Amino acid sequence: MKVLTRIILLLLAAPAAYAGSILDYIRDYDLNDYALGIAYSVSESPYAGGTSSGFAYPYLTSFHHHAFTDDWLILTGGDVGVRWVNDSGWVLGAVTRIRTEGTDNTLLDELADIDIRKWRVEAAPLIGWRRWPVHFELKWYNEIFSSFGGPTTEFRMSLPREHPWGWFVPAVTLVHNSAGFNQYYYGISESEARPGLDTYDPDASTNVRVGVSTGYAINNRWLLSVSLNHEWLASEISDSPIVDKNSVWSGNIGIAYNNDIFRRRDYEGEPFRSAGLEFRVGMYNNRTDSKIIQRPVDGNPPEEIDVEDVLGVNRRKSI
(Lines give C-alpha, C1' and ligand atoms only; values in the text may rest on other atoms or scores of the structure.)
Protein backbone atom coordinates (compact mmCIF):
# COMPACT_ATOMS: atom_id res chain seq x y z
CA MET A 1 0.00 0.00 0.00
CA LYS A 2 2.94 2.37 0.53
CA VAL A 3 3.90 1.84 -3.11
CA LEU A 4 0.31 2.63 -4.15
CA THR A 5 0.39 5.83 -2.10
CA ARG A 6 3.60 6.99 -3.81
CA ILE A 7 2.20 6.22 -7.26
CA ILE A 8 -0.95 8.22 -6.54
CA LEU A 9 1.04 11.18 -5.26
CA LEU A 10 3.21 11.15 -8.39
CA LEU A 11 0.16 10.96 -10.63
CA LEU A 12 -1.43 13.83 -8.74
CA ALA A 13 1.70 15.93 -9.25
CA ALA A 14 1.77 15.27 -13.01
CA PRO A 15 -1.48 17.05 -13.96
CA ALA A 16 -0.53 19.98 -11.72
CA ALA A 17 2.75 20.43 -13.61
CA TYR A 18 0.99 19.96 -16.93
CA ALA A 19 -1.56 22.67 -16.05
CA GLY A 20 1.27 25.19 -15.74
CA SER A 21 0.07 26.97 -12.64
CA ILE A 22 -2.05 25.17 -10.07
CA LEU A 23 -2.26 28.37 -8.02
CA ASP A 24 -4.01 30.22 -10.82
CA TYR A 25 -6.43 27.33 -11.15
CA ILE A 26 -7.28 27.47 -7.44
CA ARG A 27 -7.62 31.26 -7.45
CA ASP A 28 -10.01 31.14 -10.40
CA TYR A 29 -12.05 28.31 -8.85
CA ASP A 30 -15.69 29.34 -8.37
CA LEU A 31 -16.48 28.78 -4.69
CA ASN A 32 -20.06 29.88 -5.38
CA ASP A 33 -20.72 26.28 -6.42
CA TYR A 34 -20.71 25.51 -2.69
CA ALA A 35 -23.21 26.23 0.07
CA LEU A 36 -22.59 26.71 3.80
CA GLY A 37 -24.97 25.21 6.32
CA ILE A 38 -25.47 23.19 9.48
CA ALA A 39 -25.86 19.43 9.80
CA TYR A 40 -26.76 16.94 12.52
CA SER A 41 -25.12 13.52 12.64
CA VAL A 42 -26.24 10.56 14.77
CA SER A 43 -24.73 7.08 15.07
CA GLU A 44 -25.37 3.93 17.08
CA SER A 45 -22.67 2.62 19.40
CA PRO A 46 -21.76 -1.07 19.05
CA TYR A 47 -20.55 -1.28 22.67
CA ALA A 48 -22.49 -2.98 25.45
CA GLY A 49 -24.48 -0.31 27.28
CA GLY A 50 -23.44 2.34 24.76
CA THR A 51 -26.12 4.73 23.52
CA SER A 52 -26.65 6.50 20.23
CA SER A 53 -24.74 9.77 20.04
CA GLY A 54 -25.39 12.85 17.95
CA PHE A 55 -23.85 16.24 17.37
CA ALA A 56 -24.43 19.30 15.19
CA TYR A 57 -21.68 20.92 13.14
CA PRO A 58 -21.24 23.53 10.40
CA TYR A 59 -20.54 22.07 6.99
CA LEU A 60 -19.74 23.00 3.41
CA THR A 61 -21.53 21.18 0.62
CA SER A 62 -22.36 21.52 -3.06
CA PHE A 63 -25.58 21.62 -5.08
CA HIS A 64 -23.90 19.09 -7.43
CA HIS A 65 -22.79 15.66 -6.21
CA HIS A 66 -19.07 15.04 -6.78
CA ALA A 67 -19.88 11.96 -8.92
CA PHE A 68 -21.15 14.28 -11.66
CA THR A 69 -18.34 16.88 -11.58
CA ASP A 70 -14.60 17.08 -12.17
CA ASP A 71 -14.04 19.49 -9.25
CA TRP A 72 -10.73 19.09 -7.44
CA LEU A 73 -12.32 19.60 -3.98
CA ILE A 74 -13.99 16.61 -2.27
CA LEU A 75 -16.68 17.18 0.39
CA THR A 76 -18.67 14.00 0.88
CA GLY A 77 -19.48 11.27 3.38
CA GLY A 78 -17.34 12.85 6.11
CA ASP A 79 -14.30 13.08 3.80
CA VAL A 80 -12.50 16.31 2.93
CA GLY A 81 -9.74 16.23 0.33
CA VAL A 82 -8.55 16.83 -3.21
CA ARG A 83 -8.67 14.76 -6.38
CA TRP A 84 -7.88 14.66 -10.09
CA VAL A 85 -10.26 13.19 -12.68
CA ASN A 86 -8.97 12.28 -16.15
CA ASP A 87 -10.90 11.82 -19.40
CA SER A 88 -10.82 8.02 -19.08
CA GLY A 89 -12.81 8.07 -15.86
CA TRP A 90 -9.95 7.42 -13.42
CA VAL A 91 -9.98 9.36 -10.14
CA LEU A 92 -6.89 9.90 -7.98
CA GLY A 93 -6.82 11.86 -4.75
CA ALA A 94 -6.26 12.07 -1.02
CA VAL A 95 -8.80 12.64 1.77
CA THR A 96 -8.99 13.10 5.54
CA ARG A 97 -11.78 12.46 8.02
CA ILE A 98 -12.60 12.24 11.73
CA ARG A 99 -13.76 8.79 12.81
CA THR A 100 -15.98 9.00 15.88
CA GLU A 101 -15.91 5.37 17.00
CA GLY A 102 -14.94 5.02 20.63
CA THR A 103 -16.14 4.39 24.17
CA ASP A 104 -17.56 6.80 26.73
CA ASN A 105 -19.00 6.72 30.26
CA THR A 106 -22.36 5.30 29.13
CA LEU A 107 -21.10 1.70 29.05
CA LEU A 108 -22.46 -0.96 31.37
CA ASP A 109 -21.12 -0.86 34.93
CA GLU A 110 -19.21 -4.12 34.44
CA LEU A 111 -17.28 -2.49 31.56
CA ALA A 112 -16.62 0.83 33.29
CA ASP A 113 -12.99 -0.01 34.05
CA ILE A 114 -11.82 -0.68 30.49
CA ASP A 115 -9.52 1.84 28.83
CA ILE A 116 -11.09 4.60 26.75
CA ARG A 117 -11.09 3.95 23.00
CA LYS A 118 -10.44 7.35 21.40
CA TRP A 119 -11.59 9.03 18.21
CA ARG A 120 -9.27 8.95 15.18
CA VAL A 121 -8.16 11.55 12.66
CA GLU A 122 -7.40 9.62 9.46
CA ALA A 123 -5.95 10.27 6.01
CA ALA A 124 -6.20 8.07 2.93
CA PRO A 125 -5.06 7.91 -0.69
CA LEU A 126 -7.98 7.46 -3.06
CA ILE A 127 -8.27 5.70 -6.40
CA GLY A 128 -11.52 5.31 -8.30
CA TRP A 129 -13.09 4.59 -11.66
CA ARG A 130 -16.41 5.95 -12.89
CA ARG A 131 -16.74 5.13 -16.59
CA TRP A 132 -19.58 2.65 -15.96
CA PRO A 133 -22.97 3.50 -14.41
CA VAL A 134 -21.55 1.85 -11.26
CA HIS A 135 -18.69 3.87 -9.75
CA PHE A 136 -15.83 2.21 -7.85
CA GLU A 137 -13.68 3.78 -5.15
CA LEU A 138 -10.86 2.40 -2.98
CA LYS A 139 -9.48 4.23 0.09
CA TRP A 140 -6.84 3.15 2.61
CA TYR A 141 -7.18 5.06 5.92
CA ASN A 142 -4.39 5.50 8.46
CA GLU A 143 -4.38 7.35 11.78
CA ILE A 144 -2.48 10.66 11.52
CA PHE A 145 -1.65 11.81 15.05
CA SER A 146 -1.50 8.60 17.12
CA SER A 147 -0.27 5.05 16.80
CA PHE A 148 -3.24 3.28 18.38
CA GLY A 149 -5.06 0.84 16.15
CA GLY A 150 -4.18 -0.05 12.59
CA PRO A 151 -5.34 0.89 9.07
CA THR A 152 -8.75 0.31 7.53
CA THR A 153 -9.57 -0.16 3.85
CA GLU A 154 -12.88 0.74 2.20
CA PHE A 155 -14.02 -0.42 -1.25
CA ARG A 156 -17.18 1.38 -2.31
CA MET A 157 -19.57 0.65 -5.19
CA SER A 158 -22.20 3.30 -5.92
CA LEU A 159 -24.87 4.00 -8.53
CA PRO A 160 -25.18 7.82 -8.73
CA ARG A 161 -28.34 9.26 -10.26
CA GLU A 162 -28.80 12.96 -11.02
CA HIS A 163 -32.22 14.60 -11.30
CA PRO A 164 -33.49 18.16 -11.90
CA TRP A 165 -34.24 18.41 -8.18
CA GLY A 166 -30.88 17.05 -6.98
CA TRP A 167 -29.27 13.62 -6.71
CA PHE A 168 -29.80 10.11 -5.30
CA VAL A 169 -26.84 7.79 -4.65
CA PRO A 170 -27.23 4.23 -3.24
CA ALA A 171 -23.98 2.49 -2.34
CA VAL A 172 -22.49 -0.74 -0.93
CA THR A 173 -19.14 -0.57 0.90
CA LEU A 174 -16.80 -3.34 2.08
CA VAL A 175 -14.99 -2.13 5.22
CA HIS A 176 -11.84 -4.12 6.05
CA ASN A 177 -10.47 -3.49 9.54
CA SER A 178 -6.92 -4.59 10.27
CA ALA A 179 -6.18 -6.80 13.28
CA GLY A 180 -4.55 -3.82 15.02
CA PHE A 181 -7.68 -1.71 14.56
CA ASN A 182 -9.95 -4.42 15.95
CA GLN A 183 -7.58 -5.11 18.84
CA TYR A 184 -7.62 -1.46 19.92
CA TYR A 185 -11.37 -0.87 19.62
CA TYR A 186 -12.85 -4.28 20.41
CA GLY A 187 -10.12 -6.34 22.11
CA ILE A 188 -9.60 -6.92 25.84
CA SER A 189 -6.01 -6.67 27.03
CA GLU A 190 -4.56 -8.58 29.97
CA SER A 191 -4.55 -5.42 32.09
CA GLU A 192 -8.30 -4.98 31.48
CA ALA A 193 -9.27 -8.62 32.04
CA ARG A 194 -10.87 -9.73 35.30
CA PRO A 195 -13.33 -12.42 36.44
CA GLY A 196 -16.23 -12.37 34.03
CA LEU A 197 -14.28 -10.39 31.41
CA ASP A 198 -11.71 -12.55 29.63
CA THR A 199 -8.98 -11.35 27.31
CA TYR A 200 -10.00 -11.05 23.66
CA ASP A 201 -7.63 -10.72 20.71
CA PRO A 202 -9.61 -10.36 17.45
CA ASP A 203 -8.24 -10.86 13.96
CA ALA A 204 -8.85 -8.67 10.91
CA SER A 205 -12.45 -8.43 9.72
CA THR A 206 -14.61 -7.24 6.84
CA ASN A 207 -17.94 -5.48 7.46
CA VAL A 208 -20.64 -4.75 4.88
CA ARG A 209 -22.21 -1.27 4.82
CA VAL A 210 -25.28 -0.32 2.77
CA GLY A 211 -26.18 3.32 2.48
CA VAL A 212 -28.01 5.97 0.51
CA SER A 213 -27.47 9.71 0.21
CA THR A 214 -29.70 12.29 -1.43
CA GLY A 215 -29.67 16.02 -2.00
CA TYR A 216 -32.80 18.04 -2.68
CA ALA A 217 -32.60 21.61 -4.00
CA ILE A 218 -35.53 23.34 -2.32
CA ASN A 219 -34.77 26.29 -4.62
CA ASN A 220 -31.66 27.81 -6.16
CA ARG A 221 -30.47 28.95 -2.70
CA TRP A 222 -31.40 26.20 -0.23
CA LEU A 223 -30.22 22.58 -0.28
CA LEU A 224 -31.46 19.75 1.96
CA SER A 225 -29.21 16.69 2.21
CA VAL A 226 -29.85 13.35 3.94
CA SER A 227 -27.75 10.19 4.26
CA LEU A 228 -28.51 6.87 5.98
CA ASN A 229 -26.19 3.87 6.54
CA HIS A 230 -26.54 0.40 8.02
CA GLU A 231 -23.40 -1.67 8.70
CA TRP A 232 -23.31 -5.38 9.51
CA LEU A 233 -20.44 -6.26 11.86
CA ALA A 234 -18.18 -9.24 11.25
CA SER A 235 -18.01 -11.98 13.90
CA GLU A 236 -14.53 -10.79 14.96
CA ILE A 237 -16.26 -7.64 16.24
CA SER A 238 -19.67 -8.92 17.36
CA ASP A 239 -18.03 -11.73 19.42
CA SER A 240 -16.13 -9.19 21.52
CA PRO A 241 -17.11 -9.15 25.24
CA ILE A 242 -17.62 -5.37 25.06
CA VAL A 243 -19.90 -5.48 21.97
CA ASP A 244 -23.58 -6.41 22.14
CA LYS A 245 -24.76 -5.71 18.57
CA ASN A 246 -24.48 -7.45 15.21
CA SER A 247 -25.07 -4.27 13.21
CA VAL A 248 -25.14 -0.50 13.69
CA TRP A 249 -26.79 2.39 11.87
CA SER A 250 -25.91 6.04 11.31
CA GLY A 251 -27.54 9.03 9.69
CA ASN A 252 -26.97 12.64 8.78
CA ILE A 253 -29.25 15.52 7.83
CA GLY A 254 -28.18 19.00 6.78
CA ILE A 255 -29.55 22.25 5.42
CA ALA A 256 -27.30 24.66 3.51
CA TYR A 257 -27.65 28.09 1.91
CA ASN A 258 -25.83 29.53 -1.10
CA ASN A 259 -25.89 33.32 -1.54
CA ASP A 260 -23.00 33.64 -4.02
CA ILE A 261 -20.92 35.42 -1.38
CA PHE A 262 -17.52 34.60 -2.91
CA ARG A 263 -16.08 37.07 -5.43
CA ARG A 264 -13.44 36.27 -8.03
CA ARG A 265 -10.40 38.49 -8.51
CA ASP A 266 -11.90 40.00 -11.69
CA TYR A 267 -15.31 40.76 -10.11
CA GLU A 268 -16.48 44.28 -11.02
CA GLY A 269 -19.97 44.30 -9.56
CA GLU A 270 -21.35 45.87 -6.41
CA PRO A 271 -19.20 46.09 -3.25
CA PHE A 272 -19.03 42.87 -1.26
CA ARG A 273 -20.89 44.32 1.73
CA SER A 274 -23.02 47.46 1.82
CA ALA A 275 -23.51 49.63 4.90
CA GLY A 276 -26.16 48.35 7.28
CA LEU A 277 -26.97 46.88 10.69
CA GLU A 278 -26.51 43.26 11.69
CA PHE A 279 -28.03 41.81 14.87
CA ARG A 280 -27.60 38.24 16.07
CA VAL A 281 -29.04 36.28 18.99
CA GLY A 282 -27.91 32.86 20.15
CA MET A 283 -28.95 30.51 22.93
CA TYR A 284 -27.13 27.45 24.29
CA ASN A 285 -28.55 24.83 26.61
CA ASN A 286 -25.90 22.79 28.43
CA ARG A 287 -26.26 19.65 30.53
CA THR A 288 -23.46 18.33 32.73
CA ASP A 289 -23.34 14.82 34.20
CA SER A 290 -20.34 13.97 36.38
CA LYS A 291 -19.92 10.56 38.02
CA ILE A 292 -17.25 9.06 40.23
CA ILE A 293 -17.02 5.27 40.16
CA GLN A 294 -15.11 3.57 42.96
CA ARG A 295 -13.47 0.31 41.89
CA PRO A 296 -14.81 -2.89 43.48
CA VAL A 297 -13.20 -3.71 46.84
CA ASP A 298 -13.23 -7.16 48.47
CA GLY A 299 -15.79 -8.48 45.97
CA ASN A 300 -18.30 -5.69 46.62
CA PRO A 301 -19.98 -4.06 43.61
CA PRO A 302 -18.57 -0.75 42.36
CA GLU A 303 -19.95 2.38 44.03
CA GLU A 304 -21.22 5.17 41.80
CA ILE A 305 -21.43 8.79 43.08
CA ASP A 306 -23.34 11.49 41.18
CA VAL A 307 -21.33 14.71 41.72
CA GLU A 308 -24.20 17.07 40.85
CA ASP A 309 -26.53 15.39 43.37
CA VAL A 310 -23.91 15.45 46.13
CA LEU A 311 -23.07 19.14 45.60
CA GLY A 312 -26.64 20.19 44.90
CA VAL A 313 -25.66 21.68 41.55
CA ASN A 314 -28.16 22.22 38.74
CA ARG A 315 -27.05 20.02 35.86
CA ARG A 316 -28.80 22.19 33.20
CA LYS A 317 -28.08 25.82 32.36
CA SER A 318 -29.18 28.06 29.49
CA ILE A 319 -27.00 30.91 28.28
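This structure is a prediction, so every number in the text was calculated from the model and none was measured. (Residues numbered from 1 in each chain as written. Predicted model: local features only at pLDDT ≥ 70, side-chain atom pairs only at ≥ 80, totals over all residues. Heavy atoms only, no water.)

Caption draft 1: View of the pairing of strand β3 (residues 73–76). In this sheet, strand β4 (residues 79–85) lies alongside β3 in antiparallel orientation, the contact comprising four bridges. What sits directly across from Leu75, in β4, is Val80. Adjacent in sequence and paired antiparallel, β3 and β4 are bridged by two residues, among which Gly77 carries a positive phi angle near 55°. (Pairing = 2+ DSSP bridges. Helix = DSSP H or I, 4+ residues; strand = E, 2+ residues; numbered from the N terminus.)

Caption draft 2: Geometry of the pattern of salt bridges. Counted by the stated rule, this structure contains ten salt bridges. For Arg97, the salt bridge identified is with Glu154, shortest N-O distance 3.1 Å. You can see Arg97 sitting in strand β5 (residues 90–99) and its partner Glu154 sitting in strand β8 (residues 152–158), a full 57 residues away along the chain. Neither residue differs from the other here; Arg97 and Glu154 are each classed as buried. (Salt bridge = Lys/Arg side-chain N within 4 Å of Asp/Glu carboxyl O. Buried < 20%, exposed > 50% of the residue type's maximum accessible area, 1.4 Å probe, protein only.)

Caption draft 3: Layout of the packing of aromatic side chains. Enumeration according to the criterion identifies twelve aromatic pairs in this entry. An angle of 50° between the planes, with centres 6.2 Å apart, marks the rings of Trp90 and Trp129 as tilted. Taken together, the residues span a long stretch of sequence, with Trp90 in strand β5 and Trp129 in strand β6 (residues 120–129) at a distance of 39 residues. We classify Trp90 as partly exposed; its relative accessible area is 41%. Look at Tyr185 and Tyr186: their rings are 6.4 Å apart centre to centre, the planes differ by 50°, and that puts the pair in the tilted class. Each member of the pair Tyr185 and Tyr186 is classed as buried. Joined through ring pairs, the aromatic side chains of Tyr47, Phe181, Tyr184, Tyr185 and Tyr186 make up one cluster. It is Arg97 that lies over the ring of Tyr141; its NZ or CZ is 3.5 Å from the centre. (Phe/Tyr/Trp six-rings, centres within 6.5 Å; stacked < 30°, edge-to-face > 60°. Lys NZ or Arg CZ within 6 Å of the ring centre and 35° of its normal.)

Caption draft 4: Here's a closer look at the side chain of Glu143. For Glu143, the position within the fold is in strand β7 (residues 135–143). Buried within the structure, Glu143 lacks any salt-bridge partner; Arg120 is the closest side chain of opposite charge, at an N-O distance of 4.2 Å. A polar contact of 3.1 Å, which involves the side chain of Glu143, links it to the backbone nitrogen of Val121. At a separation of 3.2 Å, a polar atom in the side chain of Glu143 contacts the main-chain amide nitrogen of Phe145. Not counting residues up to four positions away in its chain, the partners in contact with Glu143 are Arg120, Val121, Glu122 and Phe148. (Lys, Arg positive; Asp, Glu negative; His and termini not counted. Polar contact = N/O pair within 3.5 Å; in protein donor to acceptor, adjacent residues only side chain to side chain. Contact = heavy atoms within 4.5 Å.)

Caption draft 5: Highlighting a nonpolar patch on the surface. Residues Tyr40, Trp165, Phe168, Tyr216, Ile218, Trp222, Leu224, Ile253 and Tyr257 make up a contiguous nonpolar surface patch of roughly 830 Å² in combined accessible area. Taken together, the elements giving at least two residues each to the nonpolar patch come down to β12 (222–232) and β13 (247–257). Note on Tyr40: relative accessible area 41%, which makes it partly exposed. (Patch = residues over 30% accessible without salt bridge, like charges linked within 9 Å, V, L, I, M, F, W, Y side chains within 5 Å. Areas by Shrake-Rupley, 256 points an atom, 1.4 Å probe, with all protein chains shown as cover.)

Caption draft 6: Just the pairing of β5, in detail. As defined by bridge partners, β4 adjoins β5 across six bridges and the pair is classed as antiparallel. Paired with Val80 across the two strands is Thr96, which belongs to β5. From the end of β4 to the start of β5, which pair antiparallel, there are four residues, and Gly89 there has a positive phi angle of about 95°.

Caption draft 7: Quick look at helix α3 (residues 179–186). Restricting attention to buried positions, one finds in α3 the residues Phe181, Asn182, Tyr184, Tyr185 and Tyr186. One side of α3 carries all its buried residues, which in axial view fall inside an arc of 165°. (Arc of directions from axis to C-beta.)

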